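# What the coordinates show
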Amino acid sequence: MKIETITKQHDRKNFDCGHEELNNYLRSTARQSDTKRSTRTWVLVDDDVPTAILGYITLVPSEQNFPEDSKAARKFGKNVPIYRLAKLAVEKNQSGNGFGHLLLTHAIHLAVIASESVGGTGVVFDCKNSDVVGFYMRYTEHFMSISDDGLTLWLPITVCAKIVNC
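Read on for an overview of the structure. These numbers were taken from a predicted model, which means no experiment stands behind them.

### Examining the nonpolar core
Counting 32 residues, the largest nonpolar core has Ile57, Leu85, Leu88, Leu104, Ile108, Phe125 and Tyr136 as the members making the most contacts within it. Per-element tally for this core: the top contributor is helix 4 (residues 99-118), with eight residues. Leave out the neighbours within four places in its chain, and isoleucine 57 touches Arg40, Thr41, Trp42, Leu85, Lys87, Leu88, Leu103, His106, Ala107 and Leu110. In terms of nonpolar packing, the next biggest core, distinct from the first, is built from twelve residues, Cys17, Ala30, Val43 and Tyr56 among them.

Okay, structure coming up:
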C-alpha cells in the first residue's frame, strides 16, 4: 500500500465509497483542483494495482473562526490559519480494513509538516453526519466540536504532532 498524490493514471471513474457527493468530487473535481493547487488530494493504492483507488483525502489550507466563547477563540483569536480535511473516503468494498485511519493519519502528518514550514494552528474536519463524527472520535478523544450542529471538529496542531510523533 502507498499514498500518493492524485494523477491522470488513477482510475477515478470506478471509485465508489457509497456517497455520491464524495464519488463525484473524486471523479470530476479532485484532480483539476489539485493541478490548480487549490487543494491537494492523495489517493491510497495497492502496489499490485496502482491505478485502483482504495481511498482518498483532500486537504486544503484555510481559515477558521471559532465560536466566540470557545477556548480556541480565546487562545487563537479570529481568522485562524488551519488545514481543513475537506474529504476522506474509502472504497466501500474496502471498509473495515483500517484504510480510513491510515488516510486520517496521513492527513494529520501532512498538516504537521506544513505547519512547521509555514504555520497553521490545527486541523478542522468537516463531517457529513454523526457516523463520521463517531469515526473521528474513535481515532482520538482530543477532537473538539466547534459548530452548533457538532459536525465540525477541531484538532490543535500540538495534539496532531503528538499523534504522529513529530
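There's more to say after this.
### Quick look at helix 1 (residues 20-28)
Among all positions in helix 1, only Leu22, Asn23, Tyr25 and Leu26 are buried. Buried residues of helix 1, viewed axially, fall in a sector of 160°; they line one side. For helix 1, the secondary structure elements touched by its buried residues are helix 2 (30-35), strand 2 (40-46), strand 3 (49-64) and strand 4 (80-90).

### A look at the pattern of salt bridges
This structure, assessed with the given rule, holds seven salt bridges. Close ionic contact of aspartate 126 with arginine 84 constitutes a salt bridge, the shortest N to O distance being 2.9 Å. One end of the pair, aspartate 126, is in strand 5 (residues 122-126); the other, arginine 84, is in strand 4, and 42 residues separate them in sequence. Judged by its relative accessible area of 27%, aspartate 126 is partly exposed. The class of arginine 84 is buried, set by a relative accessible area of 15%.

### Brief notes about unusual backbone geometry
For arginine 37, which is not glycine, the phi dihedral falls at a positive 65°. A relative accessible area of 66% places arginine 37 in the exposed class.

### Thoughts on helix 4
Under the 1.5 Å per step criterion, the end-to-end length of helix 4 is 28 Å for 20 residues, consistent within 8% with the ideal 28 Å. For helix 4, the set of buried residues is Phe99, Gly100, Leu103, Leu104, Ala107, Ile108, Leu110, Ala111, Val112 and Ser115.

Rules used throughout
- Residues numbered from 1 in each chain as written.
- Predicted model: local features only at pLDDT ≥ 70, side-chain atom pairs only at ≥ 80, totals over all residues.
- Heavy atoms only, no water.
- Core = buried A, V, L, I, M, F, W, Y, C linked by side-chain atoms within 4.5 Å.
- Buried < 20%, exposed > 50% of the residue type's maximum accessible area, 1.4 Å probe, protein only.
- Helix = DSSP H or I, 4+ residues; strand = E, 2+ residues; numbered from the N terminus.
- Contact = heavy atoms within 4.5 Å.
- Arc of directions from axis to C-beta.
- Salt bridge = Lys/Arg side-chain N within 4 Å of Asp/Glu carboxyl O.
- Expected span 1.5 Å × (residues − 1).

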